[in-house]
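Structural description and commentary
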Amino acid sequence: MGIETKERGGREFDSGAHVISGQLGKTIQRLRKAYNFSLSELAEQSGVAKSIISQIERNETNPTLATIWRLSQALDISIERVLSSGEEEPFIEKTARADTPILVSEDGKLKLAIVGWIKTVEWLQWYDVQSEPGGELDSEGHQRGSIESLSVTSGEFEVEVGDIVQRAKAGETLRYRCDRRHIVRCVGSEPGTAMMVCILKAAVME
């Protein structure tokens with residue numbers, strides 16, 4: 001949808017924004033934080049005044065669709081998705097095993113199946129972990145404030161963050177800051193499986 005919609009009937013234009021403004025504020029704020037934008041940075045990127053963005057996020061104003069369009073462009077998201085309400089039709093989305101992306105550790109022993117939804121990748125990521133004994137995943141830090149959770153379903157894993165090392169067996173979960181170098185290892189003589197969830201700062205901070 002192009003910005004030429006600005007030329008359409010003014011009353012209908014504004015009333016459409018009024019209908020969706022209740023959800024709009026939360027959506028704009030969530031997306032802004034997902035991109036780690038301050039209000040000032042989003043204002044600069046979009047050309048929409050900082051005060052107006054703040055009012056939109058607090059649901060204190062009814063923006064025109066032209067304003068919403070500029071914000072959607074700055075946030076690199078379709079205006080249809082920005083305007084979608086929280087009361088969408090139910091849906092079921094299926095991904096075949098063959099279509100699930102796989103990441104492999106440098107030693108080739110540990111595999112991460114990316115089972116998380118691509119639409120949440122900016123603030124929430126989750127993986128199915130399968131490892132041979134001795135498999136190791138050495139990762140650089142994510143954005144500051146991020147937390148990772150490793151729930152072991154079989155075998156035994158250990159996580160190393162800084163000078164701290166902790167182990168977990170099947171049925172146990174390790175949670176740790178992942179905004180610095182962190183290492184996940186499958187220890188013992190048996191293969192291991194786990195579910196790994198990474199919650200980026202945008203989802204939990206501020």
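Quick notes on the rules
- Residues numbered from 1 in each chain as written.
- Predicted model: local features only at pLDDT ≥ 70, side-chain atom pairs only at ≥ 80, totals over all residues.
- Heavy atoms only, no water.
- Buried < 20%, exposed > 50% of the residue type's maximum accessible area, 1.4 Å probe, protein only.
- Helix = DSSP H or I, 4+ residues; strand = E, 2+ residues; numbered from the N terminus.
- Pairing = 2+ DSSP bridges.
- Axes fitted to C-alpha atoms, helices over the stretch in contact; angles between N-to-C directions.
- Parallel < 35°, antiparallel > 145°, perpendicular 65-115°, else oblique.
- Left-handed = near helix turned anticlockwise from the far one by under 90°.
- Contact = heavy atoms within 4.5 Å.
- Core = buried A, V, L, I, M, F, W, Y, C linked by side-chain atoms within 4.5 Å.
- Nonpolar A, V, L, I, M, F, W, Y, C, P; charged D, E, K, R; others polar.
- Patch = residues over 30% accessible without salt bridge, like charges linked within 9 Å, V, L, I, M, F, W, Y side chains within 5 Å.
- Areas by Shrake-Rupley, 256 points an atom, 1.4 Å probe, with all protein chains shown as cover.
- Salt bridge = Lys/Arg side-chain N within 4 Å of Asp/Glu carboxyl O.
- 1 Å grid on protein atoms, 1.4 Å probe; cavity = no way out; pocket = protein on both sides within 12 Å on 5 of 7 lines; lining within 4 Å.
- Points joined across faces, edges and corners; volume = space filled by probe spheres on them.
- pLDDT = per-residue confidence, 0-100.

In regular strands, side chains alternate between the two faces of the sheet. Alternating residues of strand β10 (residues 192–199) divide into Gly192, Ala194, Met196 and Cys198, all buried, and Thr193, Met195, Val197 and Ile199, none buried. Bridge analysis of strand β3 (residues 124–131) against β10 gives 8 bridges, and the strand direction is antiparallel. Residue pairing in the sheet places leucine 124 in a bridge with isoleucine 199 of β10. Two strands pair when backbone bridges link them, and strand β5 (residues 147–154) and β10 are joined in this way by 7 bridges, in the antiparallel orientation. Of the residues in β10, the one forming a bridge with isoleucine 147 is isoleucine 199.

Turning our eyes to something else, we now look at the packing of helix α2 (residues 39–46) against helix α3 (residues 50–57). Direction vectors running N to C along α2 and α3 enclose 115°, while the axes themselves pass 9 Å from each other. In terms of axis orientation, α2 runs roughly perpendicular to α3. Note that α2 runs across α3; the crossing there is right-handed. Contact with α2, carried on its side by Leu39, Ser40, Leu42, Ala43 and Ser46, involves Lys50, Ile53, Ser54 and Glu57 of α3 and no other residues of that element.

Our next topic: the nonpolar core. Ranked by size, the top nonpolar core spans 17 residues in total, and within it Val129, Leu150, Phe157, Tyr176, Val184 and Met196 carry the most contacts. Where this core is concerned, the elements lending two or more residues are β2 (110–114), β3, β5, β6 (156–161), β8 (173–177), β9 (182–187) and β10. Element by element, the count of residues in this core is highest for β6, at 3 residues. Those residues in contact with valine 184, other than ones at most four positions away along the chain, are Leu110, Gly135, Glu136, Leu137, Leu150, Phe157, Glu158, Val159, Tyr176 and Met196. Counting residues in hydrophobic clusters, the runner-up holds 15 residues, among them Leu24, Leu42, Ile53 and Leu65.

Before going further, it helps to examine the packing of α2 against helix α4 (residues 65–74). Contact geometry of α2 with α4 gives a least axis separation of 8 Å together with a crossing angle of 105°. Taken together, the axes of α2 and α4 lie roughly perpendicular to each other. Contacts between α2 and α4 involve Leu42, Gln45 and Ser46 from the former and Arg70, Leu71 and Ala74 from the latter. Classifying every residue of the contact of α2 with α4 gives 3 nonpolar, 2 polar and 1 charged.

On the surface, Trp117, Ile118 and Val121 cluster together into a nonpolar patch covering about 280 Å² of accessible area. Its location among the elements puts valine 121 in the loop between β2 and β3.

Glancing now at the layout of surface pockets. Here the largest pocket defines a volume of roughly 480 Å³. Residue lining of the largest pocket: 21 residues in total, with Thr100, Pro101, Ile114, Val115 and Gly116 positioned closest to the centre. Listing elements by their share of the lining of the largest pocket, those giving two or more residues are β2 and β3. At 6 residues, β3 tops the list of elements feeding residues into the lining of the largest pocket. Within the lining of the largest pocket, the residues separate by chemical class into 11 nonpolar, 5 polar and 5 charged.

As a further point, take the confidence of the model for the chain. Averaged over all residues, the pLDDT of the chain equals 80, while 79% of them reach at least 70. Scored below 50 in pLDDT, residues 1–21 shows 22 contacts in the model against residues more than four places distant or in partner chains. Across residues 202–206, where pLDDT falls below 50, the model places 11 contacts with residues more than four positions away in sequence or in other chains.

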